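Coordinate analysis (summary)
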Amino acid sequence: MPELPEVEITTRKLKTLILGKRILNFNRKILNIERKGKAILIYLSGGKILGFHQRMSGKLLVVGRARLSDGQGRDDKHIRKRFKLSDGRDLVFHDVRKFGVIWYGTAKKVLKDNYFKTLGEDALTAGLQSIKNILLNRKGKIKAFLLNQKNLAGIGNIMADEILWKAKIHPEREIKTLRYIEVKRLWKALKFILKKSIKLGGSTMRDWLHPGGEKGGYFKKRYVYGREGQKCFRCRAKISRKKIAGRSSYFCPRCQVL
Ligand SMILES: [Zn+2]
């Protein structure tokens, strides 16, 4: 599932590919493209927004008009929507599992959606003081906290495990027991991991791709996610896997002591 780095990459790449073009379906010009949490907002002329949430398997691709169709005008069955662009190419929303979301309407109407209304501060830009404030007086375990988009926007299962490994904090650690030095480490790890993943083009674990069709390189360079039984890169102990907050969680039992 695309997380903050993948959505950030998609947004940046879309800007280079389609900014300033018209979407012929609506006869509107693309004025700006922005990431909000894990959603992508395409601002169109006339005050309209075309928005996407990739959820499990969605991807936005910019392709030639005939690509991803069977040659007789029928689309690949996983294409949810095809938007014709003024430069002769198409923006397609390809979504195998069909959990993705598409919004279209006035900016006011789209941003009223509950997803945007409840979104927490962006994980990439949140400062140390914000993180401290958000954690203050919170109950529960740190991994569940990181996955909840209402606390911090953008982190998913892979990034949460990577961040906690980097910060040497066990995913089941109770928030109220975290010391200041650990919160600082968590904030530093958060920035480090998200920026590293963006730099490497995001994670292609299964089928996520850049809008131009390229794969992301972070998954090959990951520290802990999906490495059960393999050696920790820091201490050589074997990586453990456990279901935490309903998700498979990977951690080092020696570096991340509960
Ligand atoms: Zn370790």
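Cut-offs used in this document
- Residues numbered from 1 in each chain as written.
- Predicted model: local features only at pLDDT ≥ 70, side-chain atom pairs only at ≥ 80, totals over all residues.
- Core = buried A, V, L, I, M, F, W, Y, C linked by C-beta atoms within 7 Å.
- Buried ≥ 20, exposed ≤ 12 C-beta atoms within 10 Å, placed from the backbone.
- Helix = DSSP H or I, 4+ residues; strand = E, 2+ residues; numbered from the N terminus.
- Domains from an automatic or database assignment.
- Contact = placed C-beta atoms within 7 Å.
- Pairing = 2+ DSSP bridges.
- Axes fitted to C-alpha atoms, helices over the stretch in contact; angles between N-to-C directions.
- Nonpolar A, V, L, I, M, F, W, Y, C, P; charged D, E, K, R; others polar.
- Parallel < 35°, antiparallel > 145°, perpendicular 65-115°, else oblique.
- Left-handed = near helix turned anticlockwise from the far one by under 90°.

Structural notes on the nonpolar core
I40, A123, L146, I155, M159, I163 and L164 are the most contacted members of the largest nonpolar core, which has 51 residues in total. Tallying contributions element by element places helix α6 (residues 157–167) first for this core, with seven residues. Inspection of this core shows a minimum of three residues originating in each of domain 1 (4–117) and domain 2 (121–251). Sequence-distant contacts of I163, defined by excluding residues within four places in its chain, comprise L146, A189, L190 and I193.

Here we look at the sheet that holds strand β3 (residues 39–44)
Ordered in space as β1-β2-β3-β4-β8, the five strands form an open sheet in which the pairing is antiparallel. Across the chains shown, the open sheet's two edge strands, defined by having one partner strand only, are β1 (22–23) and β8 (101–106). As judged from the six bridges shared by β3 and strand β4 (residues 48–53), these two strands associate in the antiparallel manner. Along β4, the bridge assignment pairs L44 with K48. Sitting on the sheet, helix α1 (residues 4–18) is in contact with β2 (28–36) and β3, with an inclination near 160 degrees to β2.

Some words on the domain arrangement of the protein
Here the domain parsing of the protein yields domain 1 (4–117) and domain 2 (121–251). Using only C-alpha atoms to locate each centre, domain 1 and domain 2 end up separated by 27 Å. Across the boundary between the two partners, domain 1 contributes 17 residues, which contact 22 residues of domain 2. Going through the elements one at a time, α1 and β5 (58–64) are the ones with two or more residues in the side of domain 1 that touches domain 2. Here the residues of the side of domain 1 that touches domain 2 are counted per class, giving nine nonpolar, three polar and five charged.

As for the packing of α1 against helix α7 (residues 180–199)
Where α1 meets α7, the closest approach of the two axes is 9 Å, and the angle between their N-to-C directions is 40 degrees. Taken together, the axes of α1 and α7 lie oblique to each other. Note on packing geometry: the crossing formed by α1 with α7 is right-handed. Residue-level contacts link L4, P5, E8 and I9 of α1 to L194, S197 and I198 of α7. Taken together, the residues that form the contact of α1 with α7 break down as five nonpolar, one polar and one charged.

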